[in-house]
Amino acid sequence: MLYRKVPKNGDELSILGFGCMRLPLKEDGSIDEERATKQVRYAIDHGVNYIDTAWPYHMEQSEPFLGSALADGYRKKVKLATKLPSWLIENREDMDKFLNVQLEKLKTDHVDYYLIHALVGELWDNIEKLGVADFLDKAKADGLIINAGFSFHGSGEDFNRIVDAYDWDFCQIQYNFLDEKNQAGTRGLEYAASKGLGVIIMEPLRGGNLVSPVPPAVKEIWDEAPTKRTPAEWALRWVWNHPEVTVVLSGMNEETHIKENLKVAGEAYPNSLAEAELQLIRKVEQRYRELMKVGCTGCRYCMPCPAGVDIPLCFETYNNLYMSNNAGDANFMYAARLGGILGGETGFASQCAKCGKCLEKCPQHLDIPTILESVVEELEGSDLEERVAMAKQLFKKQT
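Residues numbered from 1 in each chain as written. Predicted model: local features only at pLDDT ≥ 70, side-chain atom pairs only at ≥ 80, totals over all residues. Heavy atoms only, no water.

Draft legend 1. Molecular detail of the packing of aromatic side chains. Following the criterion strictly, the structure yields 17 aromatic pairs and no others. Summarising the aromatic geometry, the rings of Tyr-175 and Trp-238 are spaced 5.1 Å apart at their centres and angled 40° between planes, so their arrangement reads as tilted. Taken together, the residues Tyr-175 in the loop between β8 (170-174) and α8 (185-194) and Trp-238 in helix α10 (residues 231-240) connect sequence positions 63 residues apart. Note on accessibility: Tyr-175 and Trp-238 belong to one class, buried. Chaining the aromatic ring pairs together yields one cluster made of Trp-124, Phe-150, Phe-152, Phe-159, Tyr-166 and Trp-168. For Arg-229, the ring lying beneath its charged end belongs to Trp-234, and the centroid distance is 4.7 Å. Here the guanidinium or amino end of Lys-293 rests over the ring plane of Tyr-322, the centre of that ring lying 4.7 Å away. (Phe/Tyr/Trp six-rings, centres within 6.5 Å; stacked < 30°, edge-to-face > 60°. Helix = DSSP H or I, 4+ residues; strand = E, 2+ residues; numbered from the N terminus. Buried < 20%, exposed > 50% of the residue type's maximum accessible area, 1.4 Å probe, protein only. Lys NZ or Arg CZ within 6 Å of the ring centre and 35° of its normal.)

Draft legend 2. Just the sheet that holds strand β9 (residues 198-202), in detail. Pairing is parallel in the closed barrel, where 8 strands are placed in the order β3-β4-β5-β6-β7-β8-β9-β10. Each adjacent strand pair in this sheet contributes to an overall mean axis angle of 30°, direction not counted. Where β9 and strand β10 (residues 247-250) come together, 2 bridges link them in parallel fashion. The residue bridging Ile-201 from the neighbouring strand is Val-248, located in β10. (Pairing = 2+ DSSP bridges. Axes fitted to C-alpha atoms, helices over the stretch in contact; angles between N-to-C directions.)

Draft legend 3. Looking closely at the domain arrangement of the protein chain. We note that the domain assignment places domain 1 (3-281) and domain 2 (311-397) within the protein chain. Here the C-alpha centroids of domain 1 and domain 2 sit 25 Å apart. Counting residues at the interface gives 20 residues for domain 1 and 15 residues for domain 2. Summed over both sides, the interface between domain 1 and domain 2 buries roughly 1,500 Å², with carbon and sulfur atoms accounting for 54% of that surface. Viewed at the interface, domain 2 and domain 1 are joined by 0 salt bridges. Scanning the region where domain 1 abuts domain 2 turns up 2 residue pairs in polar contact (both at pLDDT 80 or more). (Domains from an automatic or database assignment. Contact = heavy atoms within 4.5 Å. Buried area = accessible area lost by both parts, 1.4 Å probe. Salt bridge = Lys/Arg side-chain N within 4 Å of Asp/Glu carboxyl O. Polar contact = N/O pair within 3.5 Å; in protein donor to acceptor, adjacent residues only side chain to side chain.)

Draft legend 4. Structural context of the pattern of salt bridges. Applying the stated criterion across every chain, the model contains 29 salt bridges. The closest approach of N and O atoms between Arg-161 and Asp-158, which form a salt bridge, is 3.0 Å. Residue Arg-161 and its partner Asp-158 are both found in helix α7 (residues 156-165); the two are separated by 3 residues, about one turn of the helix. Judged by relative accessible area, Arg-161 falls into the partly exposed class, the value being 34%. When its relative accessible area of 18% is taken as the criterion, Asp-158 is described as buried. Arg-289 is the partner of Glu-285 in a salt bridge, and the nearest nitrogen-oxygen pair spans 3.1 Å. With Glu-285 and Arg-289 both in helix α12 (residues 275-291) and 4 residues apart, the pair spans about one turn of that helix. Residue Arg-289 is classed as partly exposed on the basis of its relative accessible area, which comes to 23%. Salt bridges linked by common partners bring Arg-229, Glu-233, Arg-237, Lys-263, Glu-267 and Glu-277 together as one network.

Draft legend 5. Seen up close, helix α3 (residues 62-69). In terms of burial, α3 is largely enclosed, as 6 of its 8 residues are buried. Three or more residues of α3 are buried, namely Ser-62, Glu-63, Phe-65, Leu-66, Gly-67 and Ala-69. Among the structural elements, α1 (33-45), β4 (50-52), α2 (57-60), β5 (79-84) and α4 (92-106) are those in contact with the buried residues of α3.

Draft legend 6. Summary view of unusual backbone geometry. Residue Pro-304 is reached from Met-303 by a cis peptide bond, and omega for that bond is 0°. Take Pro-304: it is sitting in the loop between α12 and α13 (311-324). Phi is positive for Asp-72, which is not a glycine, with a value near 60°. Mapped onto the secondary structure, Asp-72 falls in the loop between α3 and β5.

Below, the structure written as structure tokens:
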């Protein structure tokens, strides 16, 4: 296992972190705790020392699971990360309540890496007004949390101002070879690192869409490589190639995947990919973009939309539908991410008023209103309200 140092505290973290959002399940949908415990402990025994969870994962059962899985001395072997559900916070007192409940669930007296979860600009503005800086300062002073950070899903301009708004120890961003210009992107990665933050990477495989299934046209390019690697290994190595990256989270739920990722995490040094290998990955990226239904880069120049449509997120979900060929996941994520559940208003494609203002701003010259009509046709449908209700149930407040 390779390790990288967090600049502000000197912690040496395994470059592979265990993400507990996609643990193995039983037939009834509950966590297969026996199997998942063996997986987590196997990873720790083989060098993983960063374990990540959050309040809503597995219908709020991921944290209690980890409280048990990290018994028998395993808690002392790892840095444990969990997150404050920012969208559920209504006042300063809520922050303390959630943290105290999480400590109980996790059966620990402190959280090593505590994040404000899933920030976008509006959510940050709200939670900042409610006193999150005071909460973090006090929790750190009391030893309940050791390091303060945030996870992010908003625009690049919001990312930089959030980085500058508090003395963070680390942050967590979505990053992979298709998301260099999406959300925080490469600029955000480099900006956070320049400020001395450790950077934790989520979605290195874009929710599995970069590895399963692999389109034949993409597989042809991977097969050109003299050094044979799986698509997962190529994608992970691309992220680890960036020296600014501290830890890459993987939602590992198959024993073979854990073993493969552990092997790669013992070899993936920063700046270790040759130029020819980087060129191959760029070819794969381009082929994926050709397969996508929308040539949107996520630049967000089209935003804000006067009608409230989150145009880039609509297009990202639409593209994932065609890249993954998994309608179930795409339909649920559309309802969950655009339904206003994580803060702010809804951003559905059907809200488009065809005002045309986005057409003036798009550097890709996309016919945005027409494409949004296709998004409505394929991702909304008569069961949209039911899907939104399911997502609300998943993210509901229970303290």
